[in-house]
Amino acid sequence: MIDFSPQLVQLLSIDGERMPRPDFDPWVDDLDGLALLALYRDMVVVRRIDTEATALQRQGELGLWPPLLGQEAAQVGSARALRSDDFIFPSYRENAVAYCRGVNLTDIVKVWRGNAQSGWDPYTVQMATPNIIIGAQTLHATGWALGAQRDETDAVAITYFGDGATSQGDVNEAMVFAASFQAPVVFFCQNNQWAISEPVGVQAHRNIADRAPGFGIPSLRIDGNDVIAVMAATRIALDRARTGGGPTFIEAVTYRMGPHTTADDPTRYRDPAELAEWKTRDPLLRLHRLLTKLGEITPEVEAATQAIADAAAAELRAGCIGMPDPEPLSVFDHVYSTPNATLERQRAEYAGYLTSFGTQFDIAEQNGTV
Amino acid sequence: MTMTTLTTPTTLPGLDAPKPVPLTETKTLTMGKAINEGLRQAMLDDPKVVLLGEDIGALGGVFRVTSDLLAQFGARRVIDTPLAESAIIGTAVGLAYRGYRPVCEIQFDGFIFPGFDQIVSQVAKFHYRTQGAVRMPITIRVPFGGGIGAAEHHSESPEAYFTHTSGLRVIAVSNAQDAYSLIRQAIASDDPVLYFEPKRRYHVKGEVVPELGAPMEQAVIVTPGTDITLLTYGALVSTAKDAALAAFDEGISIEVIDLRSLSPVDYAVVEASVRKTGRVVVTHEAAQSGGLGGEIIATITERCFSYLEAAPVRVTGFDVPYPPAKLESHYLPDLDRILDGVDRVMGRR
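Note that residues are indexed from 1 along each chain, following the sequence as it is written. Lettering of chains starts at A and numbering of ligands starts at 1, both following the order in which they are written. For a predicted model such as this one, the threshold for reporting local features is a pLDDT of at least 70, and the threshold for listing and counting side-chain atom pairs is 80 or more; totals across whole chains, interfaces and linings nevertheless cover every residue.

In the annotation of an unreviewed UniProt entry, the entry for chain B reads Alpha-ketoacid dehydrogenase subunit beta, and the organism field reads Cryobacterium flavum. UniProt positions are given in the numbering used here, feature names are shortened, and annotations may be inferred rather than shown by experiment. Of the comments in the UniProt record for chain B, the one headed Cofactor (unreviewed entry) reads "thiamine diphosphate".

Going by the annotation in an unreviewed UniProt entry, the name recorded for chain A is Pyruvate dehydrogenase (Acetyl-transferring) E1 component subunit alpha, with Cryobacterium flavum given as the source organism. Comment text from UniProt for chain A, heading Cofactor (unreviewed entry), reads "thiamine diphosphate".

This is the structure in structure tokens:
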């Protein structure tokens, strides 16, 4: 029996000690040294990607970037617990989840370069593209889960959102619907302590995880910087959903070590001592310590891991810089699935306007892409 | 912890459930019943059509438009939801993601605003956002308009918010036949459709042929005429036809056009009429400023300026919140106010 009491679940200490816990341990007993090393590699790579994307923004190649620095365990541990037919409804910071899902690195930054509102086809990886309206995607996940329930599959929807989102009506409505219909959905809240400049205390007077039981949804409060606890909790929640147990709420307690986005300046509102304290709880550091104790970390492994991360960063950079700008008239594409007379008239008029500057546009070809 | 499940929301209809019988021959129906028949046919045509809304199950909706559908199709497909409009729309988005065709009922026009963000920021934008990868075949049914002596928030005409939103199609029906045909077309559309039902016309009967009819984006000339083009939709189509009759007695020939589609507007039909008549009156219950009438007149003026013989005229609700029931007759355009507009466009006053 899983203990759904509100105490923080931790399976890996800051010192890299594996902490036994009888109700959670069976869910991660397959995590041998190699499996843990694979998780570590993911976390190193996504941190490297994140750093590179931040650099690309500073160099003017990206318009904006929402760093996930510090949240690698929460994202990798949960993403790697999913099945390929589960469907993910993220916010905009789940770039490590996208990486684990196999999204092309260039596609991850397409939105942030301003080339598209959506970087990939959600159906190719069973992951929706970033949703920028805070908390809106939790309803989409719940609706998808209602569909899965009707289709009698055991696929599960998981939705990611932050501590700030828990104040939104949509998140609360999603929990009402999920509970009423016992929808197979996992609410995965990354409580990274900050909603831009507002500390979590502004959103919640008690632990966020305390809220879910009031909706009739069991919740788990876990150390979000502990990749083993994250994976165990996510597997427990997924299993409940698959077997008709309905929704589960996970509060992964973590920390946004960087700014909200590259446009933010946390030095204006955050005590540097707090950041220093959280750096001691770094998710990569503690897994590295465990792996070292297990004898999995060797100079060769370190070098190979770094090489993979650097190669990913180089691929991201090349793909970002080499991305062609969208065609001007594509601004009119895909507003509707069928042609729309009013819009086609605007397209033709604007094409004529552009042509008046001496540039030719093939309207027929553009029309073919609606 | 203990979990209490009060309902079994995914149950299939029992073996003794009544079989849904589709409309197969021409019949005289109220507009409300015509929508009910259209919904039934759409559900028979496509097992992915599901209904979501408040009180749409056992009650059949506060206007009984979904009567009997729960018994016939079961709670998997006719979903009585918690009272949360944003979630009705937002879960429909998720269902659409999975290949469903959700039909949402918003109980009253004035209750749509808690769902406004999901409609405008999500439903309308998904196809564009994902470059066509994710379609939103969602129909949002909205009883709209006044004239029923109702409390606040029960008589509004919010259509302009949605015609101003790219990515949505907006329909307003005026009679039983269109109600039946266009609800089926709206549900079959791969684009999201706001489907406005003039609530004071729910009980008006008309002949319904069980056919899809003309495409929903087509406007229809309901009274041919030569002197004035009178453009309207929803409940006021009936009033506009009365105005055409009354004006005919005074020697004025009014062409009444039922727009049916408010986004996109069928400007081919509108322009052809204006080029013939040279005079335009637009009437709607919604407030004037920022309303659809202004947009239509601007477009006509751009495209048909040299054909116009008089400044176009709007006969609309005033720029006030919808008033209390005892004042609504002073707010709603009626036969006399439309005829006053006719006099103005004819230069008679």
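**Q** Any chance you could explain the overall build of chain B here in plain terms?
**A** The helix and strand tally for chain B stands at eleven helices and 14 strands. Radius of gyration here is computed from C-alpha atoms only, and the compact-globule reference equals 2.2 Å multiplied by the residue count raised to the power 0.38. For chain B, whose C-alpha radius of gyration is 21 Å, the value lies close to the compact-globule estimate of 20 Å for 349 residues. Counting only C-alpha atoms, chain B reaches 75 × 45 × 40 Å along its principal axes. Note on burial: count the other C-beta atoms lying within 10 Å of the residue's C-beta; 20 or more is buried, 12 or fewer is exposed, in between is partly exposed, and C-beta positions come from the backbone. Across the 349 residues that make up chain B, the buried fraction comes to 54%. Any two residues are considered in contact once their C-beta atoms, placed from the backbone, lie within 7 Å. Long-range pairs, those at least 24 residues apart, make up 78% of the contacts in chain B between residues at least 6 apart in sequence. Only DSSP runs of H or I covering at least 4 residues are called helices, and only runs of E covering at least 2 are called strands; the numbering of each starts at the N terminus.

**Q** Honestly, the interface of chain A and chain B in this entry has me stumped. Any pointers?
**A** When the parts come together, some accessible area is lost, and that loss is often what is quoted as the size of the interface. The interface of chain A with chain B comprises 41 residues on the first partner and 37 residues on the second. Elements with a contribution of two residues or more to the side of chain A that touches chain B: α5 (122-125), α6 (136-151), α7 (169-181) and α13 (341-355) of chain A. No other element matches the twelve residues that α6(A) contributes to the side of chain A that touches chain B. Split by residue class, the side of chain A that touches chain B holds 20 nonpolar, 17 polar and four charged. Throughout, the ten residues Ala, Val, Leu, Ile, Met, Phe, Trp, Tyr, Cys and Pro are labelled nonpolar, Asp, Glu, Lys and Arg are labelled charged, and all others, Gly among them, are labelled polar.

**Q** What should I look at first to understand the UniProt feature "domain: Transketolase-like pyrimidine-binding" (unreviewed entry) in chain B in this one?
**A** UniProt's feature table lists "domain: Transketolase-like pyrimidine-binding" (unreviewed entry) at residues 29-204 of chain B, given in the numbering used throughout. For the annotated span residues 29-204 of chain B, helix accounts for 36% and strand for 18% of the residues, and the straight-line distance between the end C-alpha atoms is 8 Å.

**Q** Explanation requested: unusual backbone geometry in the structure shown.
**A** Backbone geometry follows two general trends: most residues other than glycine have a negative phi, and most peptide bonds adopt the trans configuration. In the segment running from Ser263(B) into Pro264(B), the intervening peptide bond is cis, with an omega of -5°. Secondary-structure assignment places Pro264(B) in the loop between β12 (261-263) and α9 (267-277). Here the phi dihedral of Gln193(A) falls at roughly 80°; this positive angle occurs in a residue that is not glycine. Position of Gln193(A) relative to the elements: it lies in the loop between β3 (185-191) and β4 (194-195). Look at Arg64(B): it is not a glycine, yet its phi comes out positive at around 65°. Assessed through the 15 C-beta atoms surrounding it within 10 Å, Arg64(B) is described here as partly exposed.

**Q** Would you explain the nonpolar core in this entry?
**A** Side chains of a nonpolar character, in soluble globular proteins, are inclined to be buried together. Ranked by size, the top nonpolar core spans 191 residues in total, and within it Ile250(A) and Ile171(B) carry the most contacts. Ranked by residues supplied to this core, first place goes to helix α9 (residues 227-242) of chain A with eleven residues. Ignoring any residue separated from it by four or fewer positions in sequence, one finds Ile250(A) in contact with Val186(A), Phe187(A), Phe188(A), Cys189(A), Leu220(A), Ile222(A), Ala233(A), Thr234(A) and Ala237(A). What makes a nonpolar core is a set of buried Ala, Val, Leu, Ile, Met, Phe, Trp, Tyr and Cys residues, with links drawn between C-beta atoms within 7 Å.

**Q** Please clarify how the pairing of β3(A) should be interpreted in this entry.
**A** Moving residue by residue along a regular strand, the side chains alternate between the two faces of the sheet. All names here are of chain A. β3 sits mainly inside the fold: seven of its seven residues count as buried. Neither face of β3 is left uncovered, since the one carrying Val185, Phe187, Cys189 and Asn191 and the one carrying Val186, Phe188 and Gln190 both have all their residues buried. Taken together, the six bridges between strand β2 (residues 157-162) and β3 define a ladder with parallel strand orientation. The residue of β3 that forms the bridge with isoleucine 158 is valine 186. One crossover worth recording links β2 to the parallel β3 by way of α7, and it is right-handed. In this sheet, strand β7 (residues 248-253) lies alongside β3 in parallel orientation, the contact comprising six bridges. Considered in β7, the bridge of phenylalanine 188 is made with isoleucine 250. In short, DSSP must find at least two bridges between two strands for them to pair. Orienting the strands away from the viewer, one traces the path from the first strand over the helix to the second; a clockwise path indicates a right-handed crossover.

**Q** So what exactly am I meant to see when it comes to the environment of Ala155(A) here?
**A** Residue and element names in this part refer to chain A. Mapped onto the elements of the fold, alanine 155 is located in the loop between α6 and β2. For alanine 155, a count of 22 C-beta atoms within 10 Å puts it in the buried group. C-alpha of alanine 155 to C-alpha of phenylalanine 87: the two residues are 68 residues apart in sequence and 7.7 Å apart in space. Setting aside anything within four residues of it in sequence, one finds alanine 155 in contact with Asp85, Asp86, Phe87 and Ala148.

**Q** How should the domain arrangement of chain B be read in this particular structure?
**A** Residue and element names in this part refer to chain B. Residue ranges for the domains trace back to a domain assignment, done automatically or taken from a database. Its domain assignment divides chain B into domain 1 (27-208) and domain 2 (220-345). Averaged C-alpha coordinates put domain 1 and domain 2 at centres separated by 26 Å. At the interface, 25 residues of domain 1 touch 21 residues of domain 2. The element best represented in the side of domain 1 that touches domain 2 is strand β6 (residues 169-172), accounting for four residues. Considering only residue class, the side of domain 1 that touches domain 2 consists of eleven nonpolar, eight polar and six charged.

**Q** Could you clarify how one ought to interpret the sheet that holds strand β11 (residues 254-258) of chain B in this entry?
**A** Paired through backbone hydrogen bonds, the strands of a sheet run either parallel or antiparallel to each other. All names here are of chain B. The strand order across the open sheet formed by five strands is β9-β11-β10-β13-β14, and the pairing between neighbours is mixed. Strands with a single pairing partner mark the edges of an open sheet, and in this sheet they are β9 (220-223) and β14 (313-317). Adjacent strand axes in the sheet meet at a mean angle of 25°, parallel and antiparallel pairs treated alike. Where strand β10 (residues 228-232) lies against strand β13 (residues 280-287), three bridges are found, and the strand directions are parallel. Bridging across to β13, threonine 229 finds its partner in valine 280. Helix axes are fitted to C-alpha atoms over the stretch in contact, other axes to C-alpha atoms as well, and angles between N-to-C directions run from 0 to 180 degrees.

**Q** Is there a simple way to think about the sheet that holds strand β3 (residues 78-80) of chain B in this case?
**A** All names here are of chain B. The strand order across the open sheet formed by seven strands is β3-β2-β4-β5-β7-β6-β12, and the pairing between neighbours is mixed. Two strands close off the open sheet at either side, each with one partner strand: β3 and β12. Neighbour-to-neighbour, the strand axes of the sheet open up by a mean angle of 20°, direction not taken into account. Pairing of β6 with β12 involves two bridges; the strand directions are antiparallel. The residue of β12 that forms the bridge with valine 170 is serine 263. Against the sheet, helix α3 (residues 85-97) engages β2 (49-53), β4 (101-105) and β5 (139-144), with an angle of about 170° to β4.

**Q** What is the right way to read α3(B) from this model?
**A** Note that an α-helix has 3.6 residues per turn; residues three or four places apart therefore point the same way. Residue count minus one, scaled by 1.5 Å, sets the expected span of a helix. Under the 1.5 Å per step criterion, the end-to-end length of α3(B) is 19 Å for 13 residues, consistent within 8% with the ideal 18 Å. Trailing α3(B) by a residue or two, Gly99(B) shows a phi angle of about 95°, which is positive.

**Q** Explain the pairing of β7(A) here, please?
**A** Residues and elements named next belong to chain A. β7 sits mainly inside the fold: six of its six residues count as buried. With burial as the criterion, each face of β7 is covered, one bearing Thr248, Ile250 and Ala252 and the other bearing Phe249, Glu251 and Val253. With five bridges joining them, strand β6 (residues 219-223) and β7 adopt parallel strand pairing. Bridge pairing links leucine 220 to isoleucine 250 in β7. For the segment spanning β6, α9 and β7, crossover handedness is right-handed.

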